[in-house]
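Residues per chain are reported as follows:
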Amino acid sequence: MKNDQDPHRAAAPMSRRHTLAGMACMPLVVAEAATADDVIAKLLDHTQQSNAALMRGDVRTYRQMIAITGDFVLMSPFGGVPSKAAEYTPDKWERMGRFFRNGTHRQEVVQTYGSQDMVVLALIERDSVEVGGLPAQEWALRVTLVYRRVGSEWHLAHRHADPLANGISLQQAAALARGLPASQ
């Protein structure tokens, strides 16, 4: 048996950095006495860290940090039919991890809303990332996240993102609404 597998071997003490890094990779748990502002601040930080991991292609860390509700709905920036929690199989999560590569992530807070059991974050996400095999480019998305408290944990119930952070014309919006490319 290798030394690192010996159950009688004393565990090496963990550094504060490793302890904090490990804690960051857990679903967000907030004590009952926390105020809505405390919860919102923690969710904003948690969201920043988890989405930064996803943009690097690290879906494992993302999944460790973000729990989704059983009725989760994603309205992706590419449009189409919204996807639901049951569709997120291990294979789909793996494909998602390969979809994003070598990215950086930052978020700008537009507005937040919080209650005892629900938090809504309206953000602009600004990523520089390789997506779907395309060369790295800037992606600015308008994003709404809805978190719901499940026991003492906060789970993501809804994500809606669109690539309209830089704005489009009325004609482009009308073309998209008709199912045409925005250039028509």
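Anyway, here's the lowdown on the structure attached to this text. Bear in mind that the values here come from a model prediction, so they are computed numbers and not experimental data. (Residues numbered from 1 in each chain as written. Predicted model: local features only at pLDDT ≥ 70, side-chain atom pairs only at ≥ 80, totals over all residues. Heavy atoms only, no water.)

**So, helix α2 (residues 36-55)**
Moving on, step 1. For α2, with 20 residues, the first-to-last C-alpha span of 28 Å sits near the 28 Å given by 1.5 Å per residue.
Moving on, step 2. Among the residues making up α2, those that are buried are V39, I40, L43, L44, H46, T47, S50, N51, A52, A53, L54 and M55.
Moving on, step 3. At the C-terminal side of α2, G57 shows a positive phi close to 90°. (Helix = DSSP H or I, 4+ residues; strand = E, 2+ residues; numbered from the N terminus. Expected span 1.5 Å × (residues − 1). Buried < 20%, exposed > 50% of the residue type's maximum accessible area, 1.4 Å probe, protein only.)

**Digging into the nonpolar core**
Moving on, step 1. Within the largest apolar cluster, 32 residues are counted, with the highest numbers of intra-cluster contacts made by L43, I68, V119, L121, Y147 and L156.
Moving on, step 2. If you tally residues by element for this core, the top one is α2, at six residues.
Moving on, step 3. Residues contacting L43, with those up to four places away along its chain left out, are L28, V119, L121, Y147 and W154. (Core = buried A, V, L, I, M, F, W, Y, C linked by side-chain atoms within 4.5 Å. Contact = heavy atoms within 4.5 Å.)

**Quick word on the packing of aromatic side chains**
Moving on, step 1. One pass over the full model with this rule turns up six aromatic pairs.
Moving on, step 2. Their ring planes at 80° and their centres at 5.8 Å tell us that F72 and Y88 sit as a pair that is edge-to-face. Placement of F72 in strand β1 (residues 68-75) and of Y88 in the loop between β2 (83-84) and α4 (90-99) is noted, with a sequence separation of 16 residues between them.
Moving on, step 3. A relative accessible area of 5% places F72 in the buried class.
Moving on, step 4. What makes Y88 buried here is its relative accessible area of 9%.
Moving on, step 5. Between F78 and W139 the ring centres are 6.3 Å apart and the planes differ by 85°, which places this aromatic pair in the edge-to-face class. In this pair, F78 sits in the loop between β1 and β2 while W139 sits in strand β5 (residues 137-150), placing the two residues 61 residues apart along the sequence.
Moving on, step 6. For F78, a relative accessible area of 53% puts it in the exposed group.
Moving on, step 7. Through a chain of ring-to-ring contacts, three or more aromatic side chains come together here, namely Y62, F72, Y88 and W93. (Phe/Tyr/Trp six-rings, centres within 6.5 Å; stacked < 30°, edge-to-face > 60°.)

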